[in-house]
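Single-letter residue listing:
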Amino acid sequence: MADQPALGSGPQFIRQRGIAAPLMMHNVDTDIISPIGKPPNPGATPETRAFEPIRFFADGREKPDFILNQEGFRRASIILAGKNFGTGSSRPVAVSRPLDGGINVVIAESFGPLFYDNSVRQGLLAVPLEGDEIEQIAEWARANRGQTILVDLQRQVIEVPGLGNFDFQVEPRVREKLLGGYTVREELSRLDEEIDVFEQNYRQDWPWIYGR
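Residues numbered from 1 in each chain as written. Predicted model: local features only at pLDDT ≥ 70, side-chain atom pairs only at ≥ 80, totals over all residues. Heavy atoms only, no water.

Student: I'd love a proper account of the nonpolar core, names of residues and values included.
Tutor: Counting residues in each nonpolar core, the largest one holds 53 residues, and the members touching the most others are Phe-51, Ile-79, Phe-85, Ile-107, Leu-125, Val-151 and Ile-158. In terms of residues, this core owes the most to one element, helix α5 (residues 131–143), which gives five residues. With residues up to four places along the chain from it excluded, the contact list for Ile-79 reads Ala-21, Leu-23, Leu-68, Phe-85, Ile-103, Val-105, Val-106 and Ile-107. (Core = buried A, V, L, I, M, F, W, Y, C linked by side-chain atoms within 4.5 Å. Buried < 20%, exposed > 50% of the residue type's maximum accessible area, 1.4 Å probe, protein only. Helix = DSSP H or I, 4+ residues; strand = E, 2+ residues; numbered from the N terminus. Contact = heavy atoms within 4.5 Å.)

Right, here's the structure in full:
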């Protein structure tokens, strides 16, 4: 969700108010998030293809115990998870499929590095948070189905009604990139001066590498 014009031409993220679905699994890998090399499940749509293996039975019926199939969480835009979310191979669809389903934020204890890099490129906010804090939010979400929380990247805070605020930190570069809506190329172009200074200093410190 954005409330100010993007400075770049890439995906922008400022804040998201939405339902938080407590997936609360560790090691959710990219084969779970976005399996490839197999036909789509007959029950899946473009909006529900994320998490196919744990979302549907083989015949296309929904698995009732999967959180996004349950009433109060079908329209969730925030996922709560455990450690190492998105581990596995690098595939952009591991981010684009959740985005297609309306998931704009994942709050987890840690992330697979390739998933994290793809999330930064595509505008999905990956929020690192301590496990006990995630569990507090998950318990609230289970008790308050259909109610929303706020994830604010500008202030780096999660607001949960009646529970208080949870502070988080993302890399300053990532925060600036998403708030401004910069593509990777636009982000690098903004650093041209710093890159030039680095190269000049490097040449001075290591002149024999460059020859005369």
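Student: Account for the side chain of Ser-77, naming residues and giving values.
Tutor: Structurally, the position occupied by Ser-77 is in the loop between α2 (52–55) and β2 (78–80). Look past the residues within four positions of Ser-77 in its chain and what remains in contact with it is Gln-16, Arg-17, Gly-18, Ile-19, Gly-102, Ile-103, Asn-104 and Val-105.

Student: Break down the packing of helix α3 (residues 93–100) against helix α4 (residues 113–122) for me, with residues and values.
Tutor: Look at α3 against α4: their axes get within 8 Å of each other, and the N-to-C directions meet at 50°. If you check the angle between α3 and α4, you find them oblique. Seen from above, α3 lies across α4 with right-handed handedness. Each of Ala-94, Val-95, Ser-96 and Leu-99 in α3 lies in contact with α4, whose residues at this interface are Phe-115, Asn-118, Ser-119 and Gln-122. Classifying every residue of the contact of α3 with α4 by side-chain character gives four nonpolar, four polar and no charged. (Axes fitted to C-alpha atoms, helices over the stretch in contact; angles between N-to-C directions. Parallel < 35°, antiparallel > 145°, perpendicular 65-115°, else oblique. Left-handed = near helix turned anticlockwise from the far one by under 90°. Nonpolar A, V, L, I, M, F, W, Y, C, P; charged D, E, K, R; others polar.)

Student: Outline a nonpolar patch on the surface, supporting the account with residue identities and numerical values.
Tutor: On the surface, a nonpolar cluster with roughly 680 Å² of combined accessible area is contributed by Phe-198, Tyr-202, Trp-206, Trp-208, Ile-209 and Tyr-210. Where the nonpolar patch is concerned, the elements lending two or more residues are α8 (192–205) and α9 (207–210). Considering each element in turn, the nonpolar patch owes the most residues, three residues, to α9. Along the polypeptide, Phe-198 turns up in helix α8. (Patch = residues over 30% accessible without salt bridge, like charges linked within 9 Å, V, L, I, M, F, W, Y side chains within 5 Å. Areas by Shrake-Rupley, 256 points an atom, 1.4 Å probe, with all protein chains shown as cover. Salt bridge = Lys/Arg side-chain N within 4 Å of Asp/Glu carboxyl O.)

Student: Lay out the side chain of Asp-152 in plain terms, naming residues and giving numbers.
Tutor: Turning to its location among the elements, Asp-152 is positioned in strand β5 (residues 148–152). From its side chain, Asp-152 meets the backbone nitrogen of Gln-154 in a polar contact 2.9 Å long. Setting aside chain neighbours within four positions, we find Asp-152 in contact with Ile-14, Arg-15, Val-157 and Phe-168. (Polar contact = N/O pair within 3.5 Å; in protein donor to acceptor, adjacent residues only side chain to side chain.)

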